[in-house]
Amino acid sequence: MQNMRDIKRRISSFQNTKQITKAMEMVAAANLRKAQQKAESARPYADKMREVIASVAAGTQGIQNPMLVSRPVKKTGYLVITSDRGLAGGFNANLLRSLIKTIREKHNSSDDYAIFVIGRKGRDFLKRRGYPIIGEVTGLSDSPEFADIKTIAKQAVEQYAKEYYDELYLVFNEFINPVTQRPVVKQLLPLSDVTEQKETGTQALYEFEPSAEEVLEALLPQYAETLIYSAVLESKASEFGARMSAMGSATDNATEMIANLRLQYNRARQAAITQEIAEIVGGANALS
Amino acid sequence: MSTMQLDIVTPERTVYSEQVEMVIARAAEGDIGILPHHSPFVSPLKITAVRVKKDGKEFLVAISGGFIEVRGDKVTILAETAELPQDIDVERAEAAKERAEKRLADKKKEDIDFKRAQLALDKAINRIKVARSR
């Protein structure tokens, strides 16, 4: 009898868990849609900026902006984008693992690199292991505004301009589709792909005010910041995707466990009844 | 009257996208008015109210941290923030203005703070001006 009550208690505990994971799955699905929309609406800005920069760079040969030119690398900067909350499967773990792998492969001492980190999970992980963190942002909302990450983005770009480090990598989860995310380590600075891109269609010859160099100087940091913002939005979408599938499989597992336990419970119940009948029959036989 | 396409885009969304007749903005080296068929042009913009003329009526858009690109009959303003008059929270802007003024009055602060306060003040004044134009 004790056994039956135990099973019953476990069933109801699993049911509670299932309710929570189910709710989290649905919330993540709704947030995912919003995050995708947000990432979508941020695209025109970055695209337009890239277009202008490409044509400025193409129209003005021989301009040496430090943002575009690679220099010998003495120190590397990493900007790592993780989430504040867990329960998203391997979202943060995979990302941090690939970060550490890259660092191990490329650097011998911790003086050779510096890390900016967004998200509580990444910060706690890196801090605990004593990685050199020079900037952090936590507690981003589910749909971050540009202003929320502006400070860290600006810092990251400025440190490059001041030659504190000579290249800057973005480490984040690339959004492939709602169930697939892939950790990537992407070079942000120097901006190499802007000028390499071949011009398509009509090439406009702009008038610049005050001058092409100065326009480029103003645009490039802004563009880099925009790219960081897009990466943050993409990482958010990935986070919700990862959470959705993690919670989805958690719900499935809970359902399965409940079914198994219910079977056990019914068996135990049947055994108890059988035993009771046997006892009654036995008792009746003893009387006669 | 000939028109041109005006797009005002921020990192978050497209704020405005319509056919307009004229755009007046404060570029790096002074005010510039743009009519249809302007030659290709790029310049950073000051923190300012951009004047837009559409159907013979003028209205203002508060811009900060942006630049303007003109190409063919397309004008694109890319800005960190861009607000139409009806989107501005006047009370918040007033509060920001007061805060910035107080900080500017306190002269003991470092240069960096001073610069930031000045920027904040410009933004707030700009917003208030645009909101009043409604």
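Here is what the cut-offs are and how they apply
Residues numbered from 1 in each chain as written. Chains lettered and ligands numbered in written order. Predicted model: local features only at pLDDT ≥ 70, side-chain atom pairs only at ≥ 80, totals over all residues. Heavy atoms only, no water. UniProt positions renumbered as here; feature names shortened; annotations may be inferred. Helix = DSSP H or I, 4+ residues; strand = E, 2+ residues; numbered from the N terminus. Rg over C-alpha atoms; globule rule 2.2 N^0.38 Å. Buried < 20%, exposed > 50% of the residue type's maximum accessible area, 1.4 Å probe, protein only. Contact = heavy atoms within 4.5 Å. Lys, Arg positive; Asp, Glu negative; His and termini not counted. Charge placed at Lys NZ, Arg CZ, Asp CG, Glu CD. Expected span 1.5 Å × (residues − 1). Arc of directions from axis to C-beta. Pairing = 2+ DSSP bridges. Axes fitted to C-alpha atoms, helices over the stretch in contact; angles between N-to-C directions. Buried area = accessible area lost by both parts, 1.4 Å probe. Polar contact = N/O pair within 3.5 Å; in protein donor to acceptor, adjacent residues only side chain to side chain. Nonpolar A, V, L, I, M, F, W, Y, C, P; charged D, E, K, R; others polar. 1 Å grid on protein atoms, 1.4 Å probe; cavity = no way out; pocket = protein on both sides within 12 Å on 5 of 7 lines; lining within 4 Å. Points joined across faces, edges and corners; volume = space filled by probe spheres on them.

Per an unreviewed UniProt entry, chain B is named ATP synthase epsilon chain, and its organism is Marinithermofilum abyssi. Of the comments in the UniProt record for chain B, the one headed Sequence similarities (unreviewed entry) reads "Belongs to the ATPase epsilon chain family."

Looking up chain A in an unreviewed UniProt entry gives the name ATP synthase gamma chain, with the organism given as Marinithermofilum abyssi. Quoted straight from UniProt, the Sequence similarities (unreviewed entry) entry for chain A says "Belongs to the ATPase gamma chain family." Listed in UniProt under the heading Subcellular location (unreviewed entry), the comment for chain A reads: "Cell membrane".

Before going further, it helps to spend a moment on the overall build of chain A. Secondary structure summary: chain A contains six helices and six strands in total. Each helix and strand of chain A, placed in order from N terminus to C terminus, yields the pattern α-β-α-β-α-β-α-β-β-α-β-α. Relative to the 2.2 N^0.38 estimate, which gives 19 Å for 288 residues, the radius of gyration of chain A is 28 Å and therefore markedly larger than a compact globule would have. If one aligns the C-alpha atoms of chain A with their principal axes, the spans along those axes are about 115 × 45 × 30 Å. In chain A, buried positions account for 43% of the 288 residues. Counting contacts in chain A only where the partners sit at least 6 residues apart, residues at least 24 apart contribute 76% of the total. Chain A carries 37 positive and 34 negative side-chain charges, and their two centres are separated by 11 Å.

Take helix H2 (residues 91-106) of chain A next. Residues and elements named next belong to chain A. In a regular helix each residue adds 1.5 Å, so 16 residues correspond to 22 Å; H2 covers 23 Å between its end C-alpha atoms and thus fits that length. Listing the buried residues of H2 in full gives Phe91, Asn92, Leu95, Leu96, Leu99, Ile100, Thr102 and Ile103. Relative to the axis of H2, the buried residues are bounded by an arc of 160° and lie together on one face. When the buried face of H2 is taken as reference, the exposed residues oriented beyond 90 degrees from it are Arg97, Lys101, Arg104 and Glu105. The inward-facing, buried residues of H2 contact strand E1 (76-81), strand E2 (113-118), helix H3 (120-128), strand E4 (167-177), strand E5 (180-189) and helix H6 (212-287).

This brings us to the sheet that holds strand E3 (residues 133-137) of chain A. Residues and elements named next belong to chain A. Across the sheet, which stays open at both edges, the five strands sit in the order E3-E2-E1-E4-E5 with mixed pairing between neighbours. Edge positions in the open sheet fall to E3 and E5, since each of these has one partner strand only. With strand direction ignored, the average angle separating the axes of adjacent strands in the sheet is 20°. As paired strands, E1 and E2 are joined by six bridges and run parallel to one another. Each bridged residue has a counterpart across the sheet, and for Ile81 the counterpart in E2 is Ile118. The strands touched by H2 are E1, E2, E4 and E5; relative to E1, the strand with the most contacts, the crossing angle is about 170°.

With 25 residues of chain B at the interface, the matching set in chain A holds 27 residues. Taken together, both faces of the contact between chain B and chain A bury some 2,200 Å²; the carbon and sulfur share is 58%. Along the contact surface separating chain B from chain A lie eight residue pairs in polar contact (both at pLDDT 80 or more). Elements supplying a minimum of two residues to the side of chain B that touches chain A: strand E5 (41-45), strand E7 (57-71) and strand E8 (74-83) of chain B. Of all the elements, E7 of chain B adds the most residues to the side of chain B that touches chain A, at five residues. Classifying every residue of the side of chain B that touches chain A by side-chain character gives 12 nonpolar, seven polar and six charged. In this structure, strand E6 (residues 207-208) of chain A lies alongside E5 of chain B, joined through two bridges in parallel fashion.

Another point: the layout of surface pockets. Residues and elements named next belong to chain A. In this structure, the second largest pocket encloses a volume near 570 Å³. Along its surface, the second largest pocket is lined by 23 residues, and Lys186, Leu227, Ser230, Ala231 and Glu234 are the ones closest to its centre. For the lining of the second largest pocket, the element with the most residues is helix H1 (residues 2-59), which contributes eight residues. Residues of the lining of the second largest pocket, tallied by class, amount to 12 nonpolar, three polar and eight charged.

Residue and element names in this part refer to chain A. In the segment running from Leu189 into Pro190, the intervening peptide bond is cis, with an omega of -5°. As for its position among the elements, Pro190 is in the loop between E5 and helix H5 (193-196). If you check the backbone angles, Leu87 has positive phi at about 55° while not being a glycine. Residue placement: Leu87 occurs in the loop between E1 and H2. In this structure, Glu163 takes a positive phi of about 65° despite not being glycine. Here Glu163 lies in the loop between helix H4 (146-161) and E4.

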